[in-house]
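Letter by letter, the chains look like this.
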Amino acid sequence: MRDKLAVLSIFLLIILSFSGYAKSSSNNSSTALNMPLKITQPTNGALCNSQAKCPVVIVISNFGVSNSDYTFVSKAFNQRGYLSVVMANEFNGALWNYRDKMGLSVRYENWQRAVNTVKTVIEQLTILYPKYDFSELTLLGHSNGGDISVLFATIHPDKVHTVVTLANRRMLLPRNKKIRTLTLRTDDAELDNRLLLSNVELKHYPVKQITIANASKDDMHDGGPKWLVERISKEVELFLDYPF
């Protein structure tokens, strides 16, 4: 491969069943989605094999932000041997779509559907990429994507090793001693006051909570200020390189 960091654009035709996770609003029990993914290989990809599988990070973008706008995140993980899979936050303008005025119950149903979508994508990629380990995932999500990431870790804790959220606002962070968690906060991100861990809880769970002053949650992607992109990259890299 001429460029190990070349972006591979693939479309998976996925049959998504809502049973067991969320009720469908129609009589159809499933729907077909054209799934846009951005996949980048690790810099040491040649060392990955079925006997020594390399780790995987699933990145879930914020609503309205392209899955092409998280290259700084993918780069940090690629340099540390991870396969990076960046998923869009809406498909065909429907399934993960939400508006700020929607009630929490509607959001939660959408998140459940999204979790099922992520699970199906993982099952497909496990077949397509046998040299990578999809059994102990790292999930990174931005805002609404962070809520989806946390819910996935809550429903499927046996499949998740690490969670990173960029200013998620509603789903409570994991209280699980087996799931390492980093959350980067901004001053403008209103949130449920139960979302973050208390000082007492922080003594018992592997969670790091960092607030970045003078930052906006909507800027936590490639198009944000350079200083903010660099700060997020630094915090993620430190979290990966120096486990606590």
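Note that the structure is predicted; figures quoted are calculated from it, not measured.

Draft legend 1. View of the overall build of the protein chain. A count of helices and strands for the protein chain gives five helices and eight strands. Order of helices (α) and strands (β) in the protein chain, N terminus to C terminus: β-β-β-α-β-α-β-α-β-β-α-β-α. Within the protein chain, the fraction of its 244 residues that count as buried is 50%. Restricting to contacts in the protein chain with at least 6 residues of sequence separation, those with at least 24 account for 67%.

Draft legend 2. Molecular detail of the environment of P130. Looking at the secondary structure, you find P130 in the loop between α2 (104-128) and β5 (137-142). The contacts of P130, once residues within four sequence positions are left out, are S50 and K53.

Draft legend 3. Up close: the packing of aromatic side chains. Applying the stated rule across the entire model yields two aromatic pairs. Centre to centre, the rings of F77 and Y82 are 5.0 Å apart; their planes meet at 80°, and the pair counts as edge-to-face. Like Y82, F77 is buried. Between the aromatic rings of Y129 and Y132, the centroid separation amounts to 6.3 Å while the plane-to-plane angle is 65°, which identifies the pairing as edge-to-face. Across this residue pair, the class does not change: Y129 and Y132 are buried. Cation over ring: R180 sits above F239, and NZ or CZ is 4.1 Å from the ring centre.

Draft legend 4. Local environment of the nonpolar core. Core analysis: the largest hydrophobic core is formed by 35 residues, its most contacted members being I58, V85 and F134. Among the secondary structure elements, those contributing two or more residues to this core are β2 (30-40), β3 (56-60), β4 (83-87), α2, β5, α3 (144-155) and β6 (160-166). The biggest single contributor to this core is α2, with seven residues. Every residue in contact with F134, bar those within four places of it in the chain, is listed here: V56, L83, I122, L125, T126 and Y129. Listed in part, the 26 residues of the second largest apolar core include V65, V73, L140 and L166.

Draft legend 5. The arrangement of the confidence of the model for the protein chain in detail. The predicted model of the protein chain has a mean per-residue pLDDT of 83, with 79% of residues at 70 or higher. Throughout residues 1-33 the model reports pLDDT below 50, and contacts reaching past four residues in sequence, or to other chains, amount to 84 contacts. Across residues 91-101, confidence stays below pLDDT 50; counting only partners more than four residues off in sequence or on other chains, it has 37 contacts.

Draft legend 6. Structural detail: the packing of helix α1 (residues 71-78) against helix α5 (residues 226-241). One way to put it is that α1 packs onto α5 with a least axis distance of 10 Å and a crossing angle of 25°. On the basis of the axis angle, α1 is roughly parallel to α5. By crossing handedness, the relation of α1 to α5 is classed as right-handed. Contacts between α1 and α5 involve F72, A76 and F77 from the first element and V229, I232, S233, V236, E237 and L240 from the second.

Draft legend 7. Main features of unusual backbone geometry. The backbone of A167 shows a phi angle near 60°, a positive value even though the residue is not glycine. Looking at the element boundaries, A167 is found in the loop between β6 and β7 (180-186). The backbone of N214 shows a phi angle near 60°, a positive value even though the residue is not glycine. As for its placement among the helices and strands, N214 is situated in the loop between β8 (207-212) and α5.

Draft legend 8. Representation of α1 in the model. Taken across its eight residues, α1 has six buried, putting it largely inside the fold. Of all the residues in α1, the buried ones are F72, V73, S74, A76, F77 and N78.

Draft legend 9. Quick peek at α5. End to end, α5 covers 22 Å across 16 residues, agreeing with the expected 22 Å (1.5 Å per residue, within 8%). Inspection of α5 places L228, V229, I232, S233, E235, V236, F239 and L240 among the buried residues, and these make up the whole buried set. End-on, the buried residues of α5 take up no more than an arc of 165°, which puts them together on one face. In this structure, the buried side of α5 is in contact with α1, β6, β7 and β8.

Analysis parameters
Residues numbered from 1 in each chain as written. Predicted model: local features only at pLDDT ≥ 70, side-chain atom pairs only at ≥ 80, totals over all residues. Heavy atoms only, no water. Helix = DSSP H or I, 4+ residues; strand = E, 2+ residues; numbered from the N terminus. Buried < 20%, exposed > 50% of the residue type's maximum accessible area, 1.4 Å probe, protein only. Contact = heavy atoms within 4.5 Å. Phe/Tyr/Trp six-rings, centres within 6.5 Å; stacked < 30°, edge-to-face > 60°. Lys NZ or Arg CZ within 6 Å of the ring centre and 35° of its normal. Core = buried A, V, L, I, M, F, W, Y, C linked by side-chain atoms within 4.5 Å. pLDDT = per-residue confidence, 0-100. Axes fitted to C-alpha atoms, helices over the stretch in contact; angles between N-to-C directions. Parallel < 35°, antiparallel > 145°, perpendicular 65-115°, else oblique. Left-handed = near helix turned anticlockwise from the far one by under 90°. Expected span 1.5 Å × (residues − 1). Arc of directions from axis to C-beta.

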